[in-house]
Amino acid sequence: IGGAEVAVLGPRECLGEMSLLDGHPRSATAVVAEDARLLRIGSDDFRNLLATHAGIAIALIRTLARRLRESTTKYSAVRKATGPKDGTEKEPRL
C-alpha cells in the first residue's frame, strides 16, 4: 500500500483472486523476489474451477479468511500504536 510491502507469499499461494471474484481492479501490485513459476487463470476458467471443485473453493475461502484476519490484526496494532491515548476515539464497528 503506497509502495509498502503488504504481504510475502510463498509456494502454492494465490494472488489476484479478489479481482476474479468481484470484477474490480486489483487491489495491489505483485513483484517477485526470486524466480517463480506462476499460473494465470482467466475469470471464466476460474469460476468454472470453483463451481466444479468444491475443495478448491473451500481452500480459497480459507485463504481469504486468513488474510482478512491478518489484516485486521495488523490494522488493530497500528491503530493502538498511533491512535489517541485519551480514549476519546472509539474503535470502528463492523
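As the structure is a computational prediction, the values presented were derived from the model and not from experiment.

Asker: So what exactly am I meant to see when it comes to the overall build of the protein chain here?
Answerer: On a plain count of helices and strands, the protein chain comes out with 3 helices and 0 strands. For the protein chain, the sequential pattern of α-helices and β-strands runs α-α-α. Within the protein chain, the proportion of its 94 residues that are buried is 11%. Summing over all exposed atoms, the protein chain offers an accessible surface of approximately 8800 Å²; the carbon and sulfur share of this is 57%.

Asker: Teacher, can you tell me more about the packing of helix 2 (residues 43-52) against helix 3 (residues 54-82) here?
Answerer: Two quantities define a packed helix pair, namely the angle between the helix axes and the distance between the axes. As a packed pair, helix 2 and helix 3 sit with axes 5 Å apart at the nearest point and diverge in direction by 105°. One element, helix 2, and the other, helix 3, form an angle in the roughly perpendicular class. Residues Phe 46, Leu 49, Leu 50 and Thr 52 of helix 2 pack against Ala 54, Ile 56, Ala 57 and Leu 60 of helix 3. Partitioned by chemical class, the residues of the contact of helix 2 with helix 3 number 7 nonpolar, 1 polar and no charged.

Asker: So what exactly am I meant to see when it comes to the pattern of salt bridges here?
Answerer: Side chains bearing opposite charge may pair, as long as their charged atoms lie close to each other. What the rule picks out here adds up to 5 salt bridges. Between Glu 13 and Arg 66 there is a salt bridge; the shortest N-O distance is 3.4 Å. Of the two residues, Glu 13 is situated in the segment before helix 1 (17-22) and Arg 66 in helix 3; the sequence distance between them amounts to 53 residues. You can call Glu 13 partly exposed: its relative accessible area is 33%. Relative accessible area serves as the criterion here: at 35%, Arg 66 is assigned to the partly exposed category. Between Arg 47 and Asp 44 there is a salt bridge, with its nearest N and O atoms 3.7 Å apart.

Rules of the game
- Residues numbered from 1 in each chain as written.
- Predicted model: local features only at pLDDT ≥ 70, side-chain atom pairs only at ≥ 80, totals over all residues.
- Heavy atoms only, no water.
- Helix = DSSP H or I, 4+ residues; strand = E, 2+ residues; numbered from the N terminus.
- Buried < 20%, exposed > 50% of the residue type's maximum accessible area, 1.4 Å probe, protein only.
- Areas by Shrake-Rupley, 256 points an atom, 1.4 Å probe, with all protein chains shown as cover.
- Axes fitted to C-alpha atoms, helices over the stretch in contact; angles between N-to-C directions.
- Parallel < 35°, antiparallel > 145°, perpendicular 65-115°, else oblique.
- Contact = heavy atoms within 4.5 Å.
- Nonpolar A, V, L, I, M, F, W, Y, C, P; charged D, E, K, R; others polar.
- Salt bridge = Lys/Arg side-chain N within 4 Å of Asp/Glu carboxyl O.

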